Amino acid sequence: MRTLTALVVVLTASLASAQTRSVFLDELTWPEIREAQAAGRTTAIIVAGGIEQNGHHMALAKHNAIAKYVGGQIAERLGNALVYPVVPFSMAGDPIEKTGHMRLPGTISLPSEVFLGVIRGVALSAISAGFKNVYVLGDHGGGQSELRLAADTLDADWRGRGVRVRYLSNTSAGQKINAYLAERKIAPGGHAGVAESAQVMFIDQQKLMRRDKYAVAAAGPEATTGSNGDPGLATAEMGKTFLDIKATDAVEQIRKLAAETK
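Residues numbered from 1 in each chain as written. Predicted model: local features only at pLDDT ≥ 70, side-chain atom pairs only at ≥ 80, totals over all residues. Heavy atoms only, no water.

In this section: unusual backbone geometry. Positive phi outside glycine occurs at K98, with the angle close to 55°. Relative to the elements of secondary structure, K98 occurs in the loop between strand 2 (81–83) and helix 4 (112–128). For K98, a relative accessible area of 54% translates into the label exposed. Residue K185 is not a glycine yet carries a positive backbone phi of 55°. With respect to the helices and strands, K185 occurs in the loop between helix 6 (171–183) and helix 7 (194–208). (Helix = DSSP H or I, 4+ residues; strand = E, 2+ residues; numbered from the N terminus. Buried < 20%, exposed > 50% of the residue type's maximum accessible area, 1.4 Å probe, protein only.)

If you want it as structure tokens, here you go:
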């Protein structure tokens, strides 16, 4: 009896550890992932980020930092999900013609078909691992059509076998963030502007932001500075609000989609 009781205690502690140790898949061992799934974490969150120039004042890791933070928040709020490593590259311009953000050093850009293939590969890996619900979303503006196509085609292939793959739009969250700024008579600024700068300020202002370059960022058009707007108007508190908007909007979409399939 004592042996059985001890075994129950060990198994219970193991499951609790798998649930609370981390929501990030790459911070777990494979037995911990299996235990987490057995405890109910059968949803996978896949977020695409990007490496691209962000002007003089913000490091290239912007989208990846935001994607990881938001992905973690989504999983924490759902309570039944794990977050796959951020897909770190996006569609950011032609590297030969140097269009889009490829005109400035550091940006990494994938062709449409490669980006689509990567998303499909990661989602298929999640299905193979045993996740029953897979959600894909992207913080980068480019590649949204590819994200939707990857999800829709995989969902068509797998829903008959009890697996759903869904795309989450970032349109509504973007509209809410712009409305927040408009109410305060602040121009969002577009690429590497107030909204994005605020989010990165909250996540890691010391490492990713260059406060001494804010004036340069606000001095000219994006074509010359690489950014648009005045990051000096952004605050970390504002960034927390925007990140919360993104996570809340994604969770609401997930819960709505889950309810529709019951």
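There's plenty left to go through after this.
Further remarks concern the sheet that holds strand 1 (residues 43–48). Two modes of strand pairing occur in sheets, parallel and antiparallel, and in both the strands are linked by backbone hydrogen bonds. Across the sheet, four strands lie side by side as 2-1-3-4; this open sheet has parallel pairing. With one partner strand each, in any of the chains shown, strand 2 and strand 4 (164–167) form the two edges of the open sheet. Across the sheet, the mean angle from the axis of one strand to that of its neighbour is 20°, orientation sign disregarded. Note: strand 1 against strand 3 (residues 133–138), six bridges, orientation parallel. Residue pairing across strands places I45 opposite Y135, the latter belonging to strand 3. The sheet contacts of helix 4 involve strand 1, strand 3 and strand 4, and relative to strand 1 the element is tilted by about 160°. Relative to the sheet, helix 10 (residues 236–260) contacts strand 1, strand 3 and strand 4, its axis offset from that of strand 3 by approximately 145°. (Pairing = 2+ DSSP bridges. Axes fitted to C-alpha atoms, helices over the stretch in contact; angles between N-to-C directions. Contact = heavy atoms within 4.5 Å.)

The subject of this paragraph is the packing of aromatic side chains. Summed over all chains, the structure comprises three aromatic pairs. Taking the centre distance of 5.8 Å and the plane angle of 85° together, the rings of Y69 and F202 count as edge-to-face. Of this pair, Y69 sits in helix 3 (residues 62–78) while F202 sits in helix 7, placing them 133 residues apart in sequence. Given the relative accessible area of 26%, Y69 is considered partly exposed. A cation over a ring is seen here: K68 above F24, with NZ or CZ 5.0 Å from the ring centre. (Phe/Tyr/Trp six-rings, centres within 6.5 Å; stacked < 30°, edge-to-face > 60°. Lys NZ or Arg CZ within 6 Å of the ring centre and 35° of its normal.)

Structural measurements only, silent on function.
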